[in-house]
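Fold and contact review
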Amino acid sequence: RSGISWVRGCTDTTISAFSPEFPLRILAELDSNGATRERTGRKTPFCTVVTDLGSAHPTWFNKDVDKCFVPSDALYLAAKKRQLQDSQIVQYGLPIRQGFWANSESAHVAPEKVRKSLRRQLGLDENLPTVLIVGGGDGMGGIVEISKSLGVALG
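Now for a quick tour of the structure. (Residues numbered from 1 in each chain as written. Predicted model: local features only at pLDDT ≥ 70, side-chain atom pairs only at ≥ 80, totals over all residues. Heavy atoms only, no water.)

1. Brief notes about the environment of Glu-29
- Topologically, Glu-29 is positioned in helix α2 (residues 21-31).
- Distance in space between the C-alpha atoms of Glu-29 and Arg-39 is 9.1 Å, their sequence separation being 10 residues. (Helix = DSSP H or I, 4+ residues; strand = E, 2+ residues; numbered from the N terminus.)

2. Section: the nonpolar core
- In terms of nonpolar packing, the biggest core is built from 12 residues, these being Leu-24, Leu-27, Phe-46, Val-50, Phe-61, Val-65, Cys-68, Val-70, Leu-75, Ala-79, Leu-84 and Ile-89.
- At the level of elements, α2, β2 (67-70) and α3 (73-81) are the ones that each hand at least two residues to this core.
- Those residues within four positions of Phe-61 in sequence are excluded, and the remaining contacts are Val-50, Ala-56, Cys-68, Val-70, Leu-75, Ala-78, Ala-79, Arg-82 and Leu-84. (Core = buried A, V, L, I, M, F, W, Y, C linked by side-chain atoms within 4.5 Å. Buried < 20%, exposed > 50% of the residue type's maximum accessible area, 1.4 Å probe, protein only. Contact = heavy atoms within 4.5 Å.)

3. Considering the pattern of salt bridges
- Tallied over the entire structure, the rule returns four salt bridges.
- Salt-bridge contacts for Arg-25 lead to Glu-21; the nearest nitrogen and oxygen are separated by 2.6 Å. Taken together, the residues Arg-25 and Glu-21, both in helix α2 and four residues apart, mark about one turn of the helix.
- Arg-25 sits in the partly exposed class, given a relative accessible area of 33%. (Salt bridge = Lys/Arg side-chain N within 4 Å of Asp/Glu carboxyl O.)

4. Brief notes about the pairing of β2
- Alternating positions in β2 separate cleanly, Cys-68 and Val-70 being buried on one face and Lys-67 and Phe-69 remaining unburied on the opposite face.
- Pairing of strand β1 (residues 47-49) with β2, which is carried by three bridges, proceeds in the parallel orientation. Paired with Thr-48 across the two strands is Cys-68, which belongs to β2.
- As defined by bridge partners, β2 adjoins strand β3 (residues 89-91) across three bridges and the pair is classed as parallel. (Pairing = 2+ DSSP bridges.)

5. Details of the side chain of Asn-62
- Along the chain, the position of Asn-62 falls in the loop between β1 and β2.
- Polar contacts involving the side chain of Asn-62 include one to the main-chain amide nitrogen of Asp-64, which spans 2.8 Å.
- Contacts of Asn-62, omitting those with residues within four sequence positions, involve Pro-20, Glu-21, Leu-24 and Leu-84. (Polar contact = N/O pair within 3.5 Å; in protein donor to acceptor, adjacent residues only side chain to side chain.)

6. Thoughts on the sheet that holds β3
- Here three strands make up an open sheet; going across it, the order is β1-β2-β3 and the pairing parallel. Sheet topology places β1 and β3 at the edges, where each strand pairs with a single neighbour. Each neighbouring strand pair of the sheet contributes to a mean axis angle of 15 degrees, computed without reference to strand direction.
- Against the sheet, α3 makes contact with β2 and β3, and its axis sits at roughly 175 degrees relative to β3, the strand it touches most. (Axes fitted to C-alpha atoms, helices over the stretch in contact; angles between N-to-C directions.)

Rendered as structure tokens:
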């Protein structure tokens, strides 16, 4: 019941770190005025945004969501394996808010000028490609070996 009270107090946008199953049931109960927690009672649109690149827990892929945003081919296939339809899955890359890639000074400048300016600020050669190697919650590991191999491959 406290979860339902919390949802009622939210604005139009709710961000949940739960598996979609629980919020979907709560929304069904709210939308049906307490008549049911089954998916047929839900009227409020619901989407899931998966932010892991290579894998995600199967419970993130609930066939009752309206849309499921995934960042990679691997997670598109994972969503399909969990019975989501093509019309539900949106492969859009990782969601990155503008604050990560633009500041107030660069918001109205051509992307190439911004890129060159950022490269200068970071001490990078403006004419060489840059590779960013990251590891995250998937327990990727082996970043040192990956970096060395990439260095060898790129010369």
